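Below are the chains, spelled out letter by letter.
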Amino acid sequence: MPLGMCLLAFYASKHRIRASLFEHFNTDPPQPWKKMLSILPSWFGTGGTFKNRDTGEITVWDPGRRAFPWQAHYNPFIICSRQYMTAFNTNPGSCTSYWGHSGRNMKTEFRIRATLHRLSFLSLATFLVCKGYWHIITYNLPGFNDVNNPSTITGEDLARILRILRFWQGFLFSSFFPAVFGFIYGVGCMGSMLVLFLRTVWKHVPQEEKDQIMRDHREWERRNAPREANPP
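Residues numbered from 1 in each chain as written. Predicted model: local features only at pLDDT ≥ 70, side-chain atom pairs only at ≥ 80, totals over all residues. Heavy atoms only, no water.

Comments concerning the overall build of the chain
In step 1: A count of helices and strands for the chain gives six helices and five strands.
In step 2: When the helices and strands of the chain are read in sequence order from the N terminus, they spell out α-β-β-β-β-α-β-α-α-α-α.
In step 3: When the 232 residues of the chain are sorted by exposure, 24% land in the buried category.
In step 4: Put simply, of all contacts in the chain between residues at least 6 apart along the chain, 64% involve residues at least 24 apart. (Helix = DSSP H or I, 4+ residues; strand = E, 2+ residues; numbered from the N terminus. Buried < 20%, exposed > 50% of the residue type's maximum accessible area, 1.4 Å probe, protein only. Contact = heavy atoms within 4.5 Å.)

Written out as structure tokens, the structure is:
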């Protein structure tokens, strides 16, 4: 239970609601490359996993960057060197074959993997809180059953059992409100995460499809609505 509460506290201190949590804008890699979908985290600074449709080659380095190093985002002097220019010119390509060209088509990608990671983290933390409190409730006091048999129990054993009983009652009542708060917070965060993700996806649905979905929903409600009795 303390581990689950610490995980929830860590999530509360680090989590920030922002649009980039559920979507980000990206450009297609140059032909004949394609970006592969994966639920695993991508390599740091690489941009994902890419596959060449012609040769079947797979790489974790974005081919649209050509020789552009990811360290250049923090140290722009890297691209001012002769080594970078030589590496860039050894792989010639058209203007639209690199990631920064304005003629590249921009597309929206929904961050399903990031959403699943956060939901999994919250599910684990909430499960630990609930399981920990349940173990407190169902704790089997050692020697408690021997109280019914006075011939086999001494005064020291009885004092020890009473001390354990007081500790158990203290943990049980003092942990009730943190456990309830942790459960409500975890479930609420997971629910809000799903609602915000679905709203982000709904925002990018074409208006014609939205209208059709709304018409189908109203038709379903009309068919399943209880019919009123005809007045006399």
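Focus: the environment of arginine 118
In step 1: Topologically, arginine 118 is positioned in helix 3 (residues 112–137).
In step 2: Residue classification places arginine 118 among the partly exposed residues on the basis of a relative accessible area of 22%.
In step 3: Sequence-wise, arginine 118 and methionine 190 are 72 residues apart; in three dimensions their C-alpha atoms are separated by 8.2 Å.
In step 4: In this view, arginine 118 contacts His15, Arg18, Leu21 and Met193; residues no more than four positions away in its chain are not counted.

Some details on the packing of helix 1 (residues 2–14) against helix 3
In step 1: Viewed as axis vectors pointing N to C, helix 1 and helix 3 meet at an angle of 145 degrees, and their least axial separation amounts to 7 Å. For the pair helix 1 and helix 3, the crossing hand works out as left-handed. Along the contact surface, helix 1 presents Leu3, Gly4, Met5, Leu7, Leu8, Phe10 and Tyr11, while helix 3 presents Phe121, Leu122, Ala125, Thr126, Leu128 and Val129.
In step 2: Partitioned by chemical class, the residues of the contact of helix 1 with helix 3 number 11 nonpolar, two polar and no charged. (Axes fitted to C-alpha atoms, helices over the stretch in contact; angles between N-to-C directions. Left-handed = near helix turned anticlockwise from the far one by under 90°. Nonpolar A, V, L, I, M, F, W, Y, C, P; charged D, E, K, R; others polar.)

Points about the pattern of salt bridges
In step 1: Evaluated as defined, the whole model comprises two salt bridges.
In step 2: A single network of salt bridges, built from pairs that share partners, joins Glu219, Arg222 and Arg223. (Salt bridge = Lys/Arg side-chain N within 4 Å of Asp/Glu carboxyl O.)

Brief notes about the packing of helix 1 against helix 5 (residues 176–203)
In step 1: Look at helix 1 against helix 5: their axes get within 11 Å of each other, and the N-to-C directions meet at 45 degrees. The orientation of helix 1 relative to helix 5 falls into the category oblique. Two packed elements cross with a definite hand, and for helix 1 against helix 5 that hand is left-handed. Counting all contacts with helix 1, which are made through Met5, Leu8, Tyr11 and Ala12, the residues of helix 5 involved are Pro178, Gly182, Tyr185, Gly186, Cys189 and Met193.
In step 2: When the residues that make up the contact of helix 1 with helix 5 are grouped by side-chain class, the tally is eight nonpolar, two polar and no charged. (Parallel < 35°, antiparallel > 145°, perpendicular 65-115°, else oblique.)

Observations concerning helix 5
In step 1: Over its 28 residues, helix 5 extends 40 Å from the first C-alpha to the last, a length consistent with the 40 Å expected when each residue adds 1.5 Å.
In step 2: Within the sequence span of helix 5, burial applies to Ala179, Gly182, Gly186, Cys189, Met190, Met193, Phe197 and Thr200. (Expected span 1.5 Å × (residues − 1).)

Some remarks on the side chain of serine 175
In step 1: Residue placement: serine 175 occurs in the loop between helix 4 (155–174) and helix 5.
In step 2: With relative accessibility at 11%, the residue serine 175 sits in the buried group.
In step 3: From its side chain, serine 175 meets the backbone oxygen of phenylalanine 171 in a polar contact 2.8 Å long.
In step 4: Leave out the neighbours within four places in its chain, and serine 175 touches Met1, Tyr133 and Ile136. (Polar contact = N/O pair within 3.5 Å; in protein donor to acceptor, adjacent residues only side chain to side chain.)

Remarks on a nonpolar patch on the surface
In step 1: Residues Phe176, Phe177, Val180, Phe183, Ile184 and Val187 make up a contiguous nonpolar surface patch of roughly 580 Å² in combined accessible area.
In step 2: If you trace the backbone, phenylalanine 177 turns up in helix 5. (Patch = residues over 30% accessible without salt bridge, like charges linked within 9 Å, V, L, I, M, F, W, Y side chains within 5 Å. Areas by Shrake-Rupley, 256 points an atom, 1.4 Å probe, with all protein chains shown as cover.)

What about the packing of aromatic side chains?
In step 1: The tally for this structure, following the rule as stated, stands at five aromatic pairs.
In step 2: Pairing phenylalanine 10 with phenylalanine 121 gives two aromatic rings, centres 6.5 Å apart and planes at 55 degrees, and the pair type is tilted. Of this pair, phenylalanine 10 sits in helix 1 while phenylalanine 121 sits in helix 3, placing them 111 residues apart in sequence.
In step 3: Its relative accessible area of 27% is what places phenylalanine 121 among the partly exposed residues.
In step 4: Ring geometry for phenylalanine 181 versus tyrosine 185: centroids 6.2 Å apart, planes at 20 degrees, classification stacked. Note that phenylalanine 181 and tyrosine 185 are positioned in helix 5 at a spacing of four residues, about one turn of the helix.
In step 5: Residue classification places phenylalanine 181 among the exposed positions, given a relative accessible area of 55%.
In step 6: Exposure remark for tyrosine 185: the relative accessible area of 26% places this residue in the partly exposed category. (Phe/Tyr/Trp six-rings, centres within 6.5 Å; stacked < 30°, edge-to-face > 60°.)

The quantities given are spatial measurements derived from coordinates; they are silent on function.
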